[in-house]
Amino acid sequence: MSVDWKDNEPVPYAALCKTFETIESTTKRLEIQKHLTSLFTRVVEKNPEDFLTVIYLCLNRVCPEYENHELGVGESLLIKSIAETTGRKPAKVKEELSKWGDLGKVAKDSKTTQPTLFVPKPLTVKVVFDKMKIIAGISGHDSQERKVREIKFLLTACRGKEAKYLIRSLEGKLRIGLAEQTVLTSLAQSIVKDPAQKLSRAKETEESTEASEIVKSAYSEVPSYDIIVPILLKYGVKGLEERCKLKPGIPVKPMLAHPTKSITEVLDRVEGHKFTCEFKYDGERAQVHMLEDGTLKIYSRNLEDSSTKFPDIIERMSQIVKPDTKSFVLDCEVVAWDPEKECLLPFQILSTRKRKDVKEKDIKVIVCLFAFDLLYLNGESFLKKPLEERRQHLINAFQEVDNKFSFVRHMNATNTEEIQTFLDESFKCNCEGLMIKVLDGQESTYEPSKRSRNWLKLKKDYLSGVGDSLDLVVIGAHLGRGKRTNVYGAFLLACYNPEEEKYQTICKIGTGFSDVSLENHFKFLKEHEISAPRNYYDYDKGANPDVWFEPVQVWEVKAADLSISPIYKAAVGMVDHNKGVSLRFPRFIQVREDKKAEDATTCEQVAEMYRSQFNNSENMQL
Ligand SMILES: Nc1ncnc2c1ncn2[C@@H]1O[C@H](COP(=O)(O)OP(=O)(O)OP(=O)(O)O)[C@@H](O)[C@H]1O
Ligand SMILES: [Mg+2]
Ligand SMILES: [Mg+2]
């Protein structure tokens with residue numbers, strides 16, 4: 001049963017929560033899709049003005065991802081708000097939380113005890129969303145009290161199950177198993193829906209599949225519902241294709257590379273294609289944009305605006321941009337650079353640079369910008385052009401400047417020996433290895449947000465051991481003993497399962513830490529201790545840590561190999577029926593500040609790494 005409402009009336013929050021509830025009660029993709037499309041279709045029919053709001057609430061965001069305002073209200077503030085609304089003691093709420101591991105459930109169950117003088121009006125999606133935006137924006141002086149006040153207002157007006165979803169939203173994650181791809185598909189389906197049912201079933205399916213591809217592709221070029229939804233409502237799916245194109249000022253989700261373990265594997269994969277090898281620089285991704293009006297912007301791998309981190313790059317662009325180049329989107333790597341020795345410095349040096357509001361005069365870490373792709377130039381999107389052409393435009397539109405800007409070194413190799421020589425050369429220049437890319441034809445377009453097989457990475461570490469390093473979320477810790485008495489002594493790590501929105505444990509790690517780093521981890525993670533494991537942590541009692549954390553930090557980790565494990569849950573059901581995969585001899589490398597918990601290595605990647613251990617017996621000589 002769904003909750004209904006009248007035409008032109010605001011969409012009730014209850015209607016959305018009802019859909020959340022149905023979605024949460026199933027794990028079947030198609031069913032989830034059907035329920036969501038049904039809600040979206042009704043919203044489009046009855047009150048399209050609320051459509052954007054409904055979509056944002058489904059994704060639990062308050063603005064486009066790249067604007068980086070996150071909800072994420074801390075556990076203690078939520079506990080306080082729940083306690084004050086329901087007249088319970090915070091300690092009692094906390095106790096319930098450790099029992100259930102879901103503050104949303106606790107809020108819902110504690111609702112009824114408090115008598116209210118007057119009954120507030122039922123919540124609408126608009127009211128909830130507007131308040132969430134306000135809460136996300138509160139900062140500074142008595143921000144805590146102000147947040148609690150807003151949250152209490154909402155909580156008091158909640159009915160039935162609403163409090164459960166409201167609290168989860170405020171925590172920063174709905175956890176109902178609703179992935180963004182599903183939202184995009186329903187978005188397309190609700191726009192092409194044929195209410196009169198004039199089309200045949202088959203025709204309708206065909207149209208809806210095509211529509212959902214168009215919508216997804218538009219979203220990867222322009223990741224903003226603020227832009228996409230109004231265009232869809234006004235001009236339909238076909239209109240979207242024409243009107244929604246990559247443009248400077250809105251970051252594109254970067255294309256990602258596939259790990260490989262040997263030159264032979266590389267050659268197997270690119271067989272039959274023209275390809276190119278580039279140095280793989282060890283810095284951080286930077287997407288440099290110039291708008292028509294000359295404004296410059298830099299975005300990180302995560303689409304975060306990092307313009308104020310690199311004022312020196314912004315400043316030097318005028319020397320690099322040729323006169324006829326009026327607007328562009330450039331894909332680059334920023335690397336720490338020693339101007340005296342004219343050599344590259346490792347990522348560890350770059351990572352000491354301040355993250356925001358850097359003043360040019362305070363800069364100690366000098367950087368050089370290495371460009372490898374051009375996605376847009378003078379009003380035209382290049383995403384669908386072959387790499388060979390994009391590279392030519394790149395070279396024509398910009399000029400190299402010593403110590404400041406360079407095109408990545410490349411070589412269009414053809415055989416093992418040439419690649420081997422170039423790989424050795426890259427190591428000598430302090431690079432991590434090579435990126436091998438398909439150069440021409442359909443397979444060489446720029447694929448936003450995809451980990452593509454048309455870009456292969458070949459790193460030094462791959463040649464022995466597991467292959468790539470893993471980026472894992474710290475979800476628990478063991479208290480230290482002996483020399484580590486005042487800090488955590490070992491940690492529990494997890495990979496991410498995006499389908500189920502769960503973190504699956506993968507190993508316990510106690511190696512690779514200096515004393516100082518252990519102290520820093522303790523200081524940081526202490527603030528994120530939670531009283532019980534989240535209900536979206538997949539773990540086994542056999543690997544219980546002493547304390548649990550919120551999923552807030554990602555660590556890069558190397559391992560000797562992967563093995564099947566009875567107590568860890570990574571990729572469970574994917575390589576073994578009911579056992580997971582775990583890392584042997586894991587070693588801490590560094591904190592990945594540029595990755596959020598949801599950008600962690602996925603269970604699918606873990607499964608693939610596990611399998612590739614067996615079909616890659618031949619090793620590369622160096
Ligand atoms: N020539 C190049 N072409 C493309 N990317 C390059 C190049 N040189 C360096 N890079 C960097 O290498 C990254 C990909 O490899 P890396 O293993 O460092 O990825 P990562 O940041 O750990 O992310 P993931 O492991 O999720 O791919 C790119 O995102 C980019 O920042
Ligand atoms: Mg890197
Ligand atoms: Mg990596």
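Residues numbered from 1 in each chain as written. Chains lettered and ligands numbered in written order. Predicted model: local features only at pLDDT ≥ 70, side-chain atom pairs only at ≥ 80, totals over all residues. Heavy atoms only, no water.

(A) Layout of the overall build of the protein chain. When you go through the protein chain residue by residue, the secondary structure sums to 19 helices and 22 strands. Rg of the C-alpha trace for the protein chain: 26 Å, near the compact-globule value of 25 Å for 622 residues, within the 12% margin. Along the longest, intermediate and shortest principal axes, the C-alpha atoms of the protein chain span 80 × 70 × 55 Å. Split into buried and exposed, the 622 residues of the protein chain put 54% on the buried side. As displayed, the protein chain has an accessible area near 28,800 Å², and 50% of this comes from carbon and sulfur atoms. Distance between charge centres in the protein chain, computed from 93 positive and 94 negative side chains, equals 5 Å. (Helix = DSSP H or I, 4+ residues; strand = E, 2+ residues; numbered from the N terminus. Rg over C-alpha atoms; globule rule 2.2 N^0.38 Å. Buried < 20%, exposed > 50% of the residue type's maximum accessible area, 1.4 Å probe, protein only. Areas by Shrake-Rupley, 256 points an atom, 1.4 Å probe, with all protein chains shown as cover. Lys, Arg positive; Asp, Glu negative; His and termini not counted. Charge placed at Lys NZ, Arg CZ, Asp CG, Glu CD.)

(B) Up close: the confidence of the model for the protein chain. Here the protein chain averages 91 in pLDDT, while 95% of its residues score no lower than 70. Per-residue pLDDT stays below 50 along residues 617-622; that stretch engages in 13 contacts with residues further than four places along the chain or on separate chains. Two numbers describe this predicted complex: its pTM, 0.85, and its ipTM, 0.96. (pLDDT = per-residue confidence, 0-100. Contact = heavy atoms within 4.5 Å.)

(C) Structural detail: the domain arrangement of the protein chain. What the domain assignment reports for the protein chain is domain 1 (1-178), domain 2 (256-463) and domain 3 (470-619). The centre of domain 1, based on its C-alpha atoms, is set 41 Å off from the matching centre of domain 2. (Domains from an automatic or database assignment.)

(D) The pattern of salt bridges, seen in detail. Counted by the stated rule, this structure contains 55 salt bridges. Measuring nitrogen to oxygen at the nearest pair gives 2.8 Å for the salt bridge that ties Asp561 to Arg584. Within this pair, whereas Asp561 is found in strand β20 (residues 561-565), its partner Arg584 is found in strand β21 (residues 580-584), the two being separated by 23 residues in sequence. Residue class for Arg584 comes out partly exposed when judged on its relative accessible area of 38%. Connected through shared salt-bridge partners, Lys280, Glu432, Lys457, Lys459 and Asp468 make up one network. (Salt bridge = Lys/Arg side-chain N within 4 Å of Asp/Glu carboxyl O.)

(E) Structural context of the packing of helix α1 (residues 13-24) against helix α2 (residues 29-46). Between α1 and α2, the shortest axis-to-axis distance is 9 Å and the interhelical angle comes to 170 degrees. Taken as axis vectors, α1 and α2 run roughly antiparallel relative to one another. Across the interface between the two elements, Ala15, Leu16, Thr19, Thr22 and Ile23 from α1 touch Ile32, His35, Leu36 and Leu39 from α2. Split by residue class, the contact of α1 with α2 holds six nonpolar, three polar and no charged. (Axes fitted to C-alpha atoms, helices over the stretch in contact; angles between N-to-C directions. Parallel < 35°, antiparallel > 145°, perpendicular 65-115°, else oblique. Nonpolar A, V, L, I, M, F, W, Y, C, P; charged D, E, K, R; others polar.)

(F) Just the site of ligand 1, in detail. Surrounding ligand 1, one finds 19 residues, the nearest of these being Arg301, Glu333, Lys459, Arg592 and Lys595. A distance of 2.6 Å is found between an oxygen atom of ligand 1 and a side-chain nitrogen or oxygen belonging to Arg301. In this structure, an oxygen atom belonging to ligand 1 sits 2.8 Å away from a side-chain N or O atom of Lys595. Relative to its unbound accessible area of 610 Å², ligand 1 is 94% covered by the protein chains. Contributions of two or more residues to the shell around ligand 1 are made by β2 (275-280), β11 (433-438) and β12 (451-459). With four residues, β12 is the largest single contributor of residues to the shell around ligand 1. Of the residues that constitute the shell around ligand 1, the class distribution is six nonpolar, no polar and 13 charged. (Near = heavy atom within 4 Å. Polar contact = N/O pair within 3.5 Å; in protein donor to acceptor, adjacent residues only side chain to side chain.)

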